[in-house]
Amino acid sequence: MKLYLSSSPHQRVKRDTSQVMRLVIYAMLPAMILQIVLFGWGLVFQAGIAVLTAVLTEGGILLLRQKRVERSLADFSAVLTALLLAVSLPPTLPWWMTVIGTFSAIAIAKQLYGGLGFNMFNPAMIGYVVLLISFPVAMTMWLPPVAMMADPLTFSDTARLIFTGYTSAGFDITQIRSVSDGVTMATPLDAVKTGLAEGRTYSEALTQDIFTGAFASSAGAGWAWLSLAYLAGGLGLLALRVINWHIPVAMIASVALVSGLLHISDMDYYASPLFHLVNGSVLIGAFFIATDPVSASTTNRGRLIFGAAIGFWIVIIRTFGGYPDAVAFAVIIMNMAVPLIDYYTRPRTYGHGRKKSQAQKR
Amino acid sequence: MSQYQDLAFEGMWKNNPALVQLLGLCPLLAVTATVINGLGLGLATTAVLIGSNITVSLVRNIVRSEIRIPVFVMIIAAFVTIIQLLMNAFTYELYLALGIFIPLIVTNCAIIGRAEAFASKNSVLPAAFDGLMMGAGFTAVLMLLGGMREVLGSGTLLAGADRLFGPVATNWPIQIFSAEQPFLLAILPPGAFIGMGLLIAAKNMLDNRAATKQATATEKVTRIRVTAES
């Protein structure tokens, strides 16, 4: 047996940043393809616009900051941010809104704080929140799944809608949304929220069209399958050890627990845990967004707290707040708390006693 | 004369109440949704600053230092009331638009700060000029921020100019682009904070650039001296 002597570091780096980022992107691909199949061609354009804007913005700012442009662009972090933003946007959002959102994400949330590794907030979520606050109407204009539309948009019509605001027949987004038997389609989260606001019970709200054809009565058609695709991708990332289990598990458990308690307290008013988990962006948030290695907590105990708190805020904001979905807000709130969490969950240094109070007093 | 140049430079740039001292941020962030609102509040604040600086300077030898703060506050409050009544009389719409932020000028720390730091130690003329320049610096930032937010948020510039300047200004507003869906973030409070941060960053960048330029200039001088000695 041969014994080697080598200087530190002894642990070989298995993957560099660019490999990690690319693995996350690959894990998103199945869900992205599913989104194109279920919701039409919009995502192709959104992803294209977002990636182009992100790369141009990042490159431009790196030039201004006199950093090495090729090296930073080659780490794929800007592409990943752009894709995460693109999948959260309504597929037919006007192109200039996507540009504004991506620019805010890269320029303000990432580069102004010092670039990759220094950003306090998750860039994609900042871009999303900038758009949601600025254009609340456009940001909630989701087309119903292709299968539910009498006349799904063609590839060229989708392009026209995104770039000019009208299809070739001269319809704008509001008209297309109401084409299917005159009833406007909303996302499942929207449908239940407005249903409850109109005084209906939770189970009555679930009888709307949008919930037919899904695998469970409280799962919105299309959206739930999309969430499952992200779950699959996320489990893949876990298996490859790209992400740790702490944040996703804590976040999903916390969403289930908080919404479960509310649901038990009043079944007519509060949605079931399953509804909260498979609708909206909880699962993509748990595996792809909250696990961002830069803006999330860095200790294992801290990650559990971080994930659980995000889950708590998601249910609270969804149920009692003004916006239908809350993953972005929850992630940003907890990003702010990360320094505090990390401070209180510092691991014990090996060899130093467990009697913390004495050690601190000295 | 150089004292006045110094005062002007201090107020407008080096010690700008909004960008450097970060005083009066509450009205600064709250009313700068348009240029005209910013200009209106800036002018009102400037008027109060000049008036209070002159008065404080006049009474500086009579008022005992133990009670100077209450006296300053009362002087400032009197001027704010005067301005408020004047605006109520002559620019009623702007008065309505600015609302609570006119009486709140009293609480603008920039004013009592100048009364305490400058007017109570200097004679009337410099004190008045200092008030004018500090007010001008504050107004300039208000207008700049207001302009940024107005253009980004609603695509207009100088909207509502007739509220301040009367019917002459009806044609002043410029429509830069027509926004079907306004960029709400710029108009809402977060936009004010982000815009303010960008302005401060821009000022620091200019200062740093000037400093490096000066540093390289002095460096050259020393080098010459070294060569001369050897």
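Residues numbered from 1 in each chain as written. Chains lettered and ligands numbered in written order. Predicted model: local features only at pLDDT ≥ 70, side-chain atom pairs only at ≥ 80, totals over all residues. Heavy atoms only, no water.

- In the annotation of an unreviewed UniProt entry, chain B is listed under the name Ion-translocating oxidoreductase complex subunit E and assigned to Salinimonas sediminis.
- The Function (unreviewed entry) field of the UniProt record for chain B holds the comment "Part of a membrane-bound complex that couples electron transfer with translocation of ions across the membrane." (UniProt positions renumbered as here; feature names shortened; annotations may be inferred.)

### Considerations on unusual backbone geometry
Phase 1: The phi dihedral of Arg241(A) is positive, around 60°, even though this residue is not glycine.
Phase 2: Residue Arg241(A) is classed as exposed on the basis of its relative accessible area of 67%.
Phase 3: The backbone of Leu22(B) sits at a positive phi, close to 50°, despite the residue not being glycine.
Phase 4: Within the fold, Leu22(B) resides in the loop between helix H1 (2–14) and helix H2 (25–31). (Buried < 20%, exposed > 50% of the residue type's maximum accessible area, 1.4 Å probe, protein only. Helix = DSSP H or I, 4+ residues; strand = E, 2+ residues; numbered from the N terminus.)

### Some remarks on H1(B)
All names here are of chain B.
Phase 1: In this model H1 runs just 15 Å from its N-terminal to its C-terminal C-alpha over 13 residues, more than 12% under the 18 Å that 1.5 Å per residue would give.
Phase 2: Where H1 is concerned, the buried positions are Leu7, Ala8 and Gly11. Projected onto a plane normal to the axis of H1, the buried residues spread over an arc of 95° and lie on a single side.
Phase 3: Packing partners of the buried residues in H1 comprise helix H7 (124–154). (Expected span 1.5 Å × (residues − 1). Arc of directions from axis to C-beta. Contact = heavy atoms within 4.5 Å.)

### What about the domain arrangement of chain A?
Residues and elements named next belong to chain A.
Phase 1: The domain boundaries assigned to chain A delineate domain 1 (15–185) and domain 2 (187–343).
Phase 2: Computed from C-alpha coordinates alone, the two centres of domain 1 and domain 2 are separated by 21 Å.
Phase 3: In this complex, domain 1 contributes 34 residues to the contact, which on the side of domain 2 involves 31 residues.
Phase 4: Overall, the association of domain 1 and domain 2 removes approximately 2,800 Å² of surface from exposure, summing both partners, and the carbon and sulfur fraction of that is 78%.
Phase 5: For the interface between domain 1 and domain 2, the tally reads 0 salt bridges.
Phase 6: Our count for the contact surface shared by domain 1 and domain 2 stands at 2 residue pairs in polar contact (both at pLDDT 80 or more).
Phase 7: Of all the secondary-structure elements, those providing two or more residues to the side of domain 1 that touches domain 2 are helix H1 (17–39), helix H4 (77–88) and helix H6 (123–134).
Phase 8: Tallying contributions element by element places H1 first for the side of domain 1 that touches domain 2, with 10 residues. (Domains from an automatic or database assignment. Buried area = accessible area lost by both parts, 1.4 Å probe. Salt bridge = Lys/Arg side-chain N within 4 Å of Asp/Glu carboxyl O. Polar contact = N/O pair within 3.5 Å; in protein donor to acceptor, adjacent residues only side chain to side chain.)

### As for the environment of Cys109(B)
All names here are of chain B.
Phase 1: Structurally, Cys109 can be placed in helix H6 (residues 109–117).
Phase 2: By relative accessible area, which is 40% here, Cys109 ends up partly exposed.
Phase 3: Separated by 80 residues in the primary sequence, Cys109 and Pro189 place their C-alpha atoms 20 Å from one another.

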